[in-house]
Amino acid sequence: MTSNLTCPWALKHPLEREYHDTEWGRPVYLDRVLFEFITLEGAQAGLSWLTVLKKRQAYRQAFANYDLSVLAQYDDDDVEAIIRQFDVIKHRGKIASVFTNARAAIAIQKECGSLSDKLWSFVAGEPKINHWQSADQVPTYSEESQAMSHYLKQHGFKFVGPTTCYAFMQAVGMVNDHLLNCPCR
């Protein structure tokens, strides 16, 4: 897709464009992939999405391809090893949060059947389709992302504020924020 009508955030770099055109806003239901996006969105906080996209493969390697049962066994000693061995964002708190979040995700799976079922419940199981004409209309958080953030924090998750949760919801298709004139809509 080469239209200049693509969502403006995706026009700065080919990697962003590819991600926008092939992944962003498409519904995801697999727990492992949802956990990957929670991790990446938390890592992105305060940085550009392009920075995270460039490190995505390293994140998959560093975090056992987001295998929750493996990550739940990691501890603070593994933080330093990951910093030394992988090209990830070198924020100790963000790295350690992946292990905490994996344990919390497993608890949610046990309680709710799957992480997917619980996360999708914040949009009643269906993508919320927005109708934005321009990028300045797109919010940075919503009632749903605030509720998700509150729930996840109550269940032990870290780096999951309302803005991070909204970006996560956009990424995994819980919210369709492609602009009205975007060919990916």
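In this convention, every chain numbers its residues from 1, walking through the sequence in written order. Reporting of local features is limited, given that this is a predicted model, to residues whose pLDDT is at least 70; pairs of side-chain atoms are given and counted only at 80 or more, and all residues count toward the totals for whole chains, interfaces and linings. Just so you know, side-chain values use all the structure's heavy atoms and leave hydrogens and water out.

- As annotated in an unreviewed UniProt entry, the protein is DNA-3-methyladenine glycosylase I from Vibrio metschnikovii.
- UniProt positions are given in the numbering used here, feature names are shortened, and annotations may be inferred rather than shown by experiment. The record held by UniProt for the protein lists under Catalytic activity (unreviewed entry) the comment "Hydrolysis of alkylated DNA, releasing 3-methyladenine."
- Under the Function (unreviewed entry) heading, UniProt states for the protein: "Hydrolysis of the deoxyribose N-glycosidic bond to excise 3-methyladenine from the damaged DNA polymer formed by alkylation lesions."

Details of the state of the cysteines
- Counting rule for disulfides: a pair of cysteine sulfur atoms within 2.5 Å. Here the structure, examined in full by the defined rule, presents zero disulfides.
- For Cys182, which is in no disulfide, the shortest distance to another cysteine sulfur is to Cys7 and amounts to 3.8 Å.
- The thiol sulfur of Cys184 is not disulfide-bonded, and the nearest other cysteine sulfur, from Cys182, lies at 4.4 Å.
- Relative accessibility under 20% of the residue-type maximum defines a buried residue, over 50% an exposed one, and the middle range a partly exposed one, all with a 1.4 Å probe and only protein chains included. Cys184 gets classed as buried once you look at its relative accessible area, which sits at 17%.

Concerning the side chain of Lys94
- Put simply, DSSP H or I for four residues or longer makes a helix, DSSP E for two residues or longer makes a strand, and each gets a number counted from the N terminus. Mapped onto the elements, Lys94 comes out in helix α7 (residues 92-112).
- Only four residue types enter the charge count: Lys and Arg as positive, Asp and Glu as negative, with His and the chain ends excluded. The working definition used for a salt bridge is a side-chain nitrogen of Lys or Arg within 4 Å of a carboxyl oxygen of Asp or Glu. Despite its burial, Lys94 pairs with no opposite charge; the closest candidate is Glu41, at 10 Å N-O.
- Polar contacts, as used here, are pairs of N or O atoms within 3.5 Å; protein pairs need one atom able to donate a hydrogen and one able to accept it. Residues neighboring in sequence count only if both atoms are side-chain atoms. At a separation of 3.0 Å, a polar atom in the side chain of Lys94 contacts the main-chain carbonyl oxygen of Ala43.
- Within the structure, the side chain of Lys94 is placed 2.7 Å from the backbone oxygen of Ala45, a separation counted as a polar contact.
- Residues in contact with Lys94, not counting those within four places in the same chain, are Gly42, Ala43, Gln44, Ala45, Leu47 and Phe159. Every residue pair with non-hydrogen atoms within 4.5 Å of one another is taken to be in contact.

Thoughts on the environment of Gly125
- Counting through the fold element by element, Gly125 comes out in the loop between α8 (115-120) and β1 (128-129).
- Residues Gly125 and Asp77 lie 48 residues apart in sequence; the distance between their C-alpha atoms is 38 Å.

A word on unusual backbone geometry
- Not every positive phi belongs to a glycine, and Ala64 is a case in point at roughly 50°.
- Mapped onto the elements of the fold, Ala64 is located in the loop between α4 (56-62) and α5 (68-71).
- By relative accessible area, Ala64 is classed as partly exposed at 24%.

Describing the packing of helix α9 (residues 143-154) against helix α10 (residues 162-171)
- In this analysis an axis means a line fitted to C-alpha atoms, helices contributing only their contacting stretch, and an angle means the value between N-to-C directions, from 0 to 180 degrees. Close contact between α9 and α10 brings their axes to 8 Å; oriented N to C, the two are set at 115°. Classed by the angle they form, the pair α9 and α10 counts as roughly perpendicular. The handedness of the crossing between α9 and α10 is right-handed. Here Glu144, Ser145, Gln146, Met148, Ser149 and Leu152 of α9 lie close against α10, whose contacting residues are Pro162, Cys165, Tyr166, Phe168 and Met169.
- Residue polarity follows a fixed list, in which Ala, Val, Leu, Ile, Met, Phe, Trp, Tyr, Cys and Pro are nonpolar, Asp, Glu, Lys and Arg are charged, and the others, Gly among them, are polar. A per-class count over the contact of α9 with α10 returns seven nonpolar, three polar and one charged. For classification purposes, angles smaller than 35 degrees are called roughly parallel, those larger than 145 roughly antiparallel, those between 65 and 115 roughly perpendicular, and all remaining angles oblique. Handedness of a helix crossing follows the sense of rotation of the near helix relative to the far helix, less than a right angle counterclockwise being left-handed and clockwise being right-handed.

Regarding the packing of aromatic side chains
- To pair, rings of Phe, Tyr and Trp, with the six-membered ring standing in for Trp, must have centres within 6.5 Å; the planes then decide the type, stacked if under 30 degrees apart, edge-to-face if over 60, and tilted in the middle. Tallied over the entire structure, the rule returns 11 aromatic pairs.
- Seen in terms of ring centroids, Tyr59 and Phe63 are 5.6 Å apart; in terms of plane orientation they differ by 40°. Their pairing is tilted.
- Taking the relative accessible area as the measure of exposure, Tyr59 reaches 3% and is therefore buried.
- Owing to a relative accessible area of 0%, Phe63 belongs among the buried residues under this scheme.
- Lysine and arginine charges are scored as sitting over a ring when NZ or CZ, respectively, is within 6 Å of the ring centre and within 35 degrees of the ring normal. When the ring centre of Tyr151 is taken as reference, the NZ or CZ atom of Lys118 above it lies at 4.5 Å.

Structural notes on α9
- Given the number of residues in a helix, its expected span is that number minus one, multiplied by 1.5 Å. With 12 residues, α9 should reach 16 Å at 1.5 Å per residue; the first-to-last C-alpha distance of 17 Å fits that figure.
- Within α9, burial applies to Ser145, Met148, Ser149, Tyr151 and Leu152. Taken down its axis, α9 places every buried residue within 165° of arc, on the same side. Turned more than 90 degrees from where α9 packs its buried face, Glu143, His150 and Gln154 sit exposed.
- Residues of α9 that are buried make contact with α7, α8 and α10.
- A positive backbone phi angle near 100° is found at Gly156, which sits one or two residues after α9. When we speak of the arc, we mean the arc of directions from the helix axis to the C-beta atoms.

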